[in-house]
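Each chain, written out:
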Amino acid sequence: MSEHSLDARRLLCPLPVIRTQDRVKQLAIGDVLTVICTDPGVMQDIPAWCRINGHAILQTQSDEYEYRITLKVGD
Amino acid sequence: MKQIKAVSLISGGLDSMLATKAIMEQGVHVEGINFFTGFCVEGHTHAIRKKDKEKPKRNNSLWVAETLGIKLHIIDIIEEYKDVLINPKHGYGANMNPCLDCKVFMVKKAKQWMEENDFDFIITGEVIGQRPMSQRRDTMPIISAESGADDRLLRPLCAQHLPATLPEREGWIKRDQLFDFTGRGRKPQMALAKEYGLTDYSQPAGGCCFLTDESYSKKLVDLWQARGTKEYELDDVMLLKVGRHIRPKQNFKVIVAREDGEARFLQGYKNSYINMNCASHRGPLALIDGEASAEDLHLAAQIVARYGQGRDAEQVDVMVRDLSGNESIIQVKPLAPNELAKEWFV
């Protein structure tokens, strides 16, 4: 298991989801990815994408301007 | 017996949702595909602005996929789509929307995906007569033929008005369980949604593409004319969705944030564009797009000052940041309302 991060700041939906999707394809089952975004919509969309595709959301964090979503790659 | 598999073009609207559900009901394994062109209308783009904050900030295609319990593959086609927009074989619709070429392109991409993933046919939510350019009885065969999908392209909502496709002829699905919808009315779709127990769905009034929007299309044409080329980058088309666009001269335009949400969005472009905001008074952030001389920047600062709280002052300080991040102050008198020519507004 290894940890990775993805900078998706300044991207509007659905680009943060697409970048997450493309990055996850390169990772192994059990790897952890933290995606950093500025579009508040990712708080709905990345978890939705994870649910559809069998990945687990480990944590979501937000402050006024940034959103961080940590997911664990499933099979 | 082999499990038959279909890939469905999911826009996030009701029609593609129903078309997908109709095929799932017949025991076919369906996965969704959604293409991102850069011009897609999303709640999130609107959500930049405060006035739209109440709109749901969900991606409707993801939401549809989750509601139906299918996988969704979102494909970035920004680069390939440029040729569709710049050189549409079938021309544009009422605005800069190359709907027919767009549909051909998307079905062609779906066919490629179908072949790569060993799927059997393609589903769309098209309905004869629903859209003036791409969803007509005479354009449907064009889409099937030019995309190369031919009889592997099935439109479940209006299939009974069209020749039988391969999935129907092979008995993979029953034709009599498909539909005969036509026209722009929504009643049959709403009745079917009710039958399927679908009560929450998106019905975007202006379609799902910014290119069908008159105001957006004008900004795009202005960009092309000012640059003397139709080439564009994603940032260009994203910025057309945000702010006031004011072009006082051919060689540059000023993009002025209309409120905090837009200012926050434009902040992300501060390293790529000369930008300015009023330093002596509260006022909006603005980006300068194009090649601007010192004289041009002075005029831009006067415009930006016009939208700040110092609009009635004799003189205001405007902070200008160049592409290296160097800051300087320009002192200007804000433009009076009658000095801001109507034709400057794109």
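See the structure above.
Please read these numbers as outputs of a predicted model, since none were measured by experiment.

A.B. asks: Would you explain the environment of B:Met319 in this entry?
C.D. replies: Residue and element names in this part refer to chain B. Turning to its location among the elements, Met319 is positioned in strand E10 (residues 316–321). Between the C-alpha atom of Met319 and that of Phe252, which follows or precedes it by 67 residues, the distance is 18 Å. The contact partners of Met319, leaving out residues within four places of it in the chain, are Met276, Asn277, Ala279, Glu327 and Ile329.

A.B. asks: What is the right way to look at the packing of helix H2 (residues 42–53) of chain A against helix H3 (residues 60–68) of chain B in this model?
C.D. replies: Here H2(A) crosses H3(B) at 35°, and the two axes come no closer than 10 Å. Considering the relative orientation of H2(A) and H3(B), their crossing is left-handed. Taking contact as the criterion, the partners of A:Asp45, A:Ala48, A:Trp49, A:Arg51 and A:Ile52 in H2(A) are, on H3(B), B:Leu62, B:Trp63, B:Ala65 and B:Glu66.

A.B. asks: What am I meant to see in the nonpolar core here?
C.D. replies: If you look at soluble globular proteins, the nonpolar side chains tend to sit buried side by side. Residue and element names in this part refer to chain B. Of all hydrophobic cores here, the largest spans 109 residues; its most connected members are Ala6, Ile122, Val254, Ala286, Ala301, Val304 and Val318. It is helix H5 (residues 99–116) that contributes the most residues to this core, nine residues altogether. Each of domain 1 (5–210) and domain 2 (242–344) contributes no fewer than three residues to this core.

A.B. asks: Just to check I follow, could you spell out the sheet that holds strand E4 (residues 121–123) of chain B for this structure?
C.D. replies: Across a sheet, strands are paired by hydrogen bonds formed along the backbone, either parallel or antiparallel in direction. All names here are of chain B. Read across the sheet, five strands follow the order E3-E2-E1-E4-E5 without closing on themselves; strand pairing throughout is parallel. Here the strands that pair on one side only, and so sit at the sheet edges, are strand E3 (72–76) and strand E5 (153–154). Bridge analysis of strand E1 (residues 5–9) against strand E2 (residues 29–36) gives five bridges, and the strand direction is parallel. If you follow Ser8 over to E2, its bridge partner there is Gly32.

Parameters and conventions
- Residues numbered from 1 in each chain as written.
- Chains lettered and ligands numbered in written order.
- Predicted model: local features only at pLDDT ≥ 70, side-chain atom pairs only at ≥ 80, totals over all residues.
- Helix = DSSP H or I, 4+ residues; strand = E, 2+ residues; numbered from the N terminus.
- Contact = placed C-beta atoms within 7 Å.
- Axes fitted to C-alpha atoms, helices over the stretch in contact; angles between N-to-C directions.
- Left-handed = near helix turned anticlockwise from the far one by under 90°.
- Core = buried A, V, L, I, M, F, W, Y, C linked by C-beta atoms within 7 Å.
- Buried ≥ 20, exposed ≤ 12 C-beta atoms within 10 Å, placed from the backbone.
- Domains from an automatic or database assignment.
- Pairing = 2+ DSSP bridges.

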